[in-house]
Amino acid sequence: MFEDFLDRYAQSNAIRNVNTYYKVLFGIITMIVSLVSTSPVMPLIIFSLVSFVILFKAKIPVKFYLKFVTVPLTFASITFVFMAFWFGTGSYIYTLGVFNLGVTASGFNLGFLVFARMMGGFACLAFLGLTTPLPEIFSVLEDFKFPEELLEISMLMYRYVFVSIDEAIKMHHAQETRLGYSSFKKSYQSMGMLIANIFIRTWIIGEKSYVSMQSRCYDGTFNTMDDHDSIRSIRVRNLVVLALLESILSIGVFLTSSFRIF
Amino acid sequence: MNIIETKNISYHYPDGSKALQKVNFKVEEGTKVALLGANGAGKSTLFLHFNGILKPTSGTVFVDGEEVKYDKKSLLRIRQKLGIVFQNPDDQLIAPTVKEDVAYGPLNIGLSNEEINDRVKESLKRVGMEGVEKKAPHQLSGGEKKKVAIAGILAMRPKIMVLDEPTSGLDPKGASQIMKLLYELNQGGITIVISTHDVDMVPLYASKVYIMSEGRLIKEGSPQEIFKDVTTVRDANLRLPRIAHLMEILDKKNELTFCKPPYPLTIGEARKRILEKV
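The rules behind these values
- Residues numbered from 1 in each chain as written.
- Chains lettered and ligands numbered in written order.
- Predicted model: local features only at pLDDT ≥ 70, side-chain atom pairs only at ≥ 80, totals over all residues.
- Helix = DSSP H or I, 4+ residues; strand = E, 2+ residues; numbered from the N terminus.
- Buried ≥ 20, exposed ≤ 12 C-beta atoms within 10 Å, placed from the backbone.
- Contact = placed C-beta atoms within 7 Å.
- Rg over C-alpha atoms; globule rule 2.2 N^0.38 Å.
- Domains from an automatic or database assignment.
- Pairing = 2+ DSSP bridges.
- Axes fitted to C-alpha atoms, helices over the stretch in contact; angles between N-to-C directions.
- Nonpolar A, V, L, I, M, F, W, Y, C, P; charged D, E, K, R; others polar.
- Core = buried A, V, L, I, M, F, W, Y, C linked by C-beta atoms within 7 Å.
- Parallel < 35°, antiparallel > 145°, perpendicular 65-115°, else oblique.

A.B. asks: Let's hear about the overall build of chain A: which residues, and what values?
C.D. replies: When you go through chain A residue by residue, the secondary structure sums to 9 helices and 2 strands. Along chain A, helices (α) and strands (β) appear in the sequence α-α-α-α-β-β-α-α-α-α-α when read from the amino end. By its C-alpha atoms, chain A is 65 × 60 × 35 Å across when sized along the principal axes. Sorting the 262 residues of chain A into buried and exposed places 29% on the buried side. A fraction of 73% describes how many contacts in chain A between residues 6 or more apart in sequence connect residues 24 or more apart.

A.B. asks: Give a description of the overall build of chain B that names residues and reports values.
C.D. replies: For chain B, the helix and strand inventory stands at 12 helices and 11 strands. Against the 2.2 N^0.38 benchmark of 19 Å for 278 residues, chain B shows a C-alpha radius of gyration of 20 Å, consistent with a compact globule. Taking all 278 residues of chain B together, the buried fraction comes to 42%. Long-range pairs, those at least 24 residues apart, make up 63% of the contacts in chain B between residues at least 6 apart in sequence.

A.B. asks: A description of the domain arrangement of chain A should follow, citing residues and the corresponding values.
C.D. replies: As far as domains go, chain A holds domain 1 (2-132 + 230-255) and domain 2 (147-215). Computed from C-alpha atoms alone, the centre-to-centre distance between domain 1 of chain A and domain 2 of chain A is 32 Å.

A.B. asks: Kindly report on the sheet that holds strand S9 (residues 191-196) of chain B, identifying the contributing residues and their values.
C.D. replies: Residue and element names in this part refer to chain B. Taken together, the 6 strands give an open sheet; going across it, the order is S7-S8-S9-S4-S10-S11, and neighbouring strands pair in mixed fashion. Of all the strands in the sheet, just strand S7 (82-85) and strand S11 (216-221) have a single pairing partner and so form its edges. On average, each strand axis in the sheet is tilted by 20 degrees relative to the strand beside it, whichever way the strands run. As defined by bridge partners, strand S4 (residues 32-37) adjoins S9 across 5 bridges and the pair is classed as parallel. Bridge pairing in S9 links Lys 32 to Ile 192.

A.B. asks: Explain the interface of chain A and chain B residue by residue, including any values.
C.D. replies: Contacts between chain A and chain B engage 26 residues on the former and 31 residues on the latter. At the level of elements, helix H6 (134-143), helix H7 (148-177) and helix H8 (184-215) of chain A are the ones that each hand at least two residues to the side of chain A that touches chain B. The element best represented in the side of chain A that touches chain B is H8(A), accounting for 8 residues. Across the side of chain A that touches chain B, the residue classes break down as 14 nonpolar, 6 polar and 6 charged.

A.B. asks: Report on the nonpolar core, specifying residues and quantitative values.
C.D. replies: Counting 76 residues, the largest nonpolar core has Ala34(B), Leu36(B), Ala151(B) and Val162(B) as the members making the most contacts within it. A domain split of this core shows at least three residues from each of domain 1 (2-239) and domain 2 (240-278) of chain B. Setting aside its immediate chain neighbours within four residues, Ala151(B) contacts Val102(B), Ser123(B), Leu124(B), Val127(B) and Met129(B). In this structure, Tyr22(A), Ala84(A), Leu130(A) and Ile137(A) belong to the second largest nonpolar core, which totals 42 residues.

A.B. asks: Please give an account of the pairing of S4(B) that cites residues and values.
C.D. replies: All names here are of chain B. Judged by how many residues are buried, S4 sits mostly within the fold: 5 of 6 residues are covered. Bridge count for S4 against strand S10 (residues 208-213) is 5 bridges, and the pairing is parallel. Within S10, the residue paired with Ala 34 across the bridge is Val 209.

A.B. asks: Tell me what's going on with the environment of Pro262(B), and back it up with residues and numbers.
C.D. replies: Residues and elements named next belong to chain B. With respect to the helices, strands and loops of the structure, Pro 262 is situated in the loop between helix H11 (242-253) and helix H12 (267-277). Separated by 258 residues in the primary sequence, Pro 262 and Ile 4 have C-alpha atoms spaced 30 Å apart. Once residues lying within four places of it in the same chain are set aside, the contact partners of Pro 262 are Gln 224, Phe 227 and Lys 228.

A.B. asks: Any details on the domain arrangement of chain B? Residues and values, ideally.
C.D. replies: Residue and element names in this part refer to chain B. Under the domain assignment, chain B is made up of domain 1 (2-239) and domain 2 (240-278). Centre-to-centre, using C-alpha coordinates, domain 1 lies 32 Å away from domain 2. In this complex, domain 1 contributes 11 residues to the contact, which on the side of domain 2 involves 9 residues. Looking at the side of domain 1 that touches domain 2, the elements that each hand over two or more residues are helix H8 (202-205), helix H9 (223-228) and helix H10 (230-235). At 4 residues, the largest contribution of residues to the side of domain 1 that touches domain 2 is made by H9. For the side of domain 1 that touches domain 2, the residue count by class is 7 nonpolar, 1 polar and 3 charged.

A.B. asks: Account for the packing of H6(A) against H7(A), with residues named and values stated.
C.D. replies: Residue and element names in this part refer to chain A. Between H6 and H7, the least distance of the axes is 11 Å, while the angle of their chain directions is 175 degrees. Taken as axis vectors, H6 and H7 run roughly antiparallel relative to one another. Along its contact with H6, which presents Leu 134, Phe 138, Leu 141 and Glu 142, the element H7 presents Leu 151, Ser 154, Met 155 and Tyr 158. Tallied by class, the residues present in the contact of H6 with H7 amount to 6 nonpolar, 1 polar and 1 charged.

A.B. asks: Now, about the environment of His197(B): what can you tell me, with residues and values included?
C.D. replies: Residues and elements named next belong to chain B. Examined against the element boundaries, His 197 turns out to sit in the loop between S9 and H8. Taking the C-alpha atoms as reference, His 197 lies 8.2 Å from Asn 39; in sequence the two are 158 residues apart. Contact partners of His 197, with chain neighbours within four places excluded, come to Leu 36, Gly 37, Ala 38 and Leu 238.

Listed below in structure tokens is the structure:
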């Protein structure tokens, strides 16, 4: 399963043991730089740069990464096309010839900018997701004073996503065994049953977990250990490198701010 | 001294069905007790009364000589003394990593970080799971999950450990590892109560056995006393241990009498009796 691979790479990649704060800082700051850019140039450079780090520093297999990239790429492309056609004003630089549809320069530029920002942002998120196990990201977020309730829910979700996927796979196999997916119509019915059942199972598991948590003195707050990397243990040299890199990217954003294709 | 004692407890579900009826369950300190019963006999329901998760409709529960009260403070105290390991470890393991899960109970008790770290290390060592601290629960096998679930309870340093079907779903080796672990924990002074329907394991393991059927305790005694009463055992949808059953068949159908009832319950015992005859 896809999620399973993601988790496995996060647990064992070449830069797994680099300070978590360093990775989170790199991911988040780079993403912000990519988002504030007003031209598509820097986001695309960031996309290439971060992808390079993912593939050659973290040593994530190219095949897996390409598959992973197709998902946002599809969405970004659809967004690009729609924006190019419907979001611009001014004269057409290309007309479709039917329904009076066409692409305007402003629409094209806007669409391309959104496309670039999406890919840049995705690469930064993918970097975090593929190099840092989620539990460690949680503990960093906790340190950054992220709301406790949201974190608790995310932690439980992280744990039970895998339990639910297992359940769903088992149910799916059981349905297939009884020919639940033998035709298009039956597939729809079976899928509906599966989804309904997952909800019920989730409820039951939730109640059982609550009982087992109570047995371990649960008092309404989800306590966690606070022993992980410290932001202070990042070496000065690495911090300087990070600061320099982000400054160069920011200067790039400034210099290319008025760049347009049309 | 009875470390767990229930006095006439009954529990009725909101729809009126009776899950427990006048149950008197006693566990002496330092012993290993097995609660035998078919599916739906009420074993898990009874267990949930021990640490105050369920409140009996009538009757009282005593743990470590203290009547179970249902205010927050008393419950916290009881739940530290009496840990329950649930049947399905996936219901119990809730934290994103093994270490955090084992630390979950001690954190709720409010111990210092140093103390918690020590306990996590010690508990994982006792169950033979050192070195998996950073793994996520879904990366472990069934047997490993069970061990981590037990470690999570051990980290609270309970006097009593109650396990619901500890070997269900495990392979033979995993099951015998868990039973061996429970034996060692008992040697270390923890009173252990298990529920099971694995009758072959019971004579090897338990010093006292209860049989539960349809919400009632219908028999108690040593394994020998329990399995002597074949009718009661079979009425409770259970059976004799395989080896005892073999001896019974040989005796009754082939007139190959190695021994008169009570039949031996373990392989070792049967071997001794056969060697005496041959």
